Amino acid sequence: MTTAVAPSTASLSAEDRCDRCGAQAYLRVELVSGGELLFCAHHAREHGDKLRQVAATVHDETHKLKDTPATAPDGER
């Protein structure tokens, strides 16, 4: 008996961690062979070429890094 795993389309959260370093994951790669890998933006860029070769789907949320202000608004500390 084989069990199919439905692709995960849920957004990544702060609880999802990079499989390489443990940082917050912003990329979910569902593999052609089954299973999934999670990567931070750094490791997603570092291994991007290889990931595209083995990926069935890629859920990329690295845009969230650009949407977050780098500093607090004036008056807040």
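Enquirer: What's the story with the overall build of the chain in this structure? I'm lost.
Expert: Counting secondary structure elements, the chain contains three helices and three strands. Listing each helix as α and each strand as β along the chain from the N terminus yields β-β-α-α-β-α. Classification of the 77 residues of the chain by burial places 26% in the buried group. Surface accessibility of the chain: about 5,900 Å² in total, with carbon and sulfur atoms responsible for 52%.

Enquirer: It is not clear to me how the side chain of Glu61 should be interpreted in this structure. Could you clarify?
Expert: You can see Glu61 is positioned in the loop between strand 3 (55–60) and helix 3 (63–67). A polar atom in the side chain of Glu61 sits 2.6 Å from the side chain of Lys64. The residues touching Glu61, leaving out its near neighbours within four places in the chain, are Ala10, Ser11, Leu12 and Tyr26.

Enquirer: Explanation requested: the nonpolar core in the structure shown.
Expert: Among soluble globular proteins, nonpolar side chains are generally buried collectively. By size, the foremost hydrophobic cluster in this structure holds nine residues: Cys18, Leu27, Val29, Leu31, Phe39, Cys40, Ala44, Leu51 and Ala55. Looking at this core, the element that brings in the most residues is strand 1 (residues 27–31), giving three residues. Ignoring sequence-local partners within four residues, the contact set of Val29 consists of Gly35, Glu36, Leu37, Phe39, Leu51, Ala55 and Thr57.

What counts, and at which threshold
Residues numbered from 1 in each chain as written. Predicted model: local features only at pLDDT ≥ 70, side-chain atom pairs only at ≥ 80, totals over all residues. Heavy atoms only, no water. Helix = DSSP H or I, 4+ residues; strand = E, 2+ residues; numbered from the N terminus. Buried < 20%, exposed > 50% of the residue type's maximum accessible area, 1.4 Å probe, protein only. Areas by Shrake-Rupley, 256 points an atom, 1.4 Å probe, with all protein chains shown as cover. Polar contact = N/O pair within 3.5 Å; in protein donor to acceptor, adjacent residues only side chain to side chain. Contact = heavy atoms within 4.5 Å. Core = buried A, V, L, I, M, F, W, Y, C linked by side-chain atoms within 4.5 Å.

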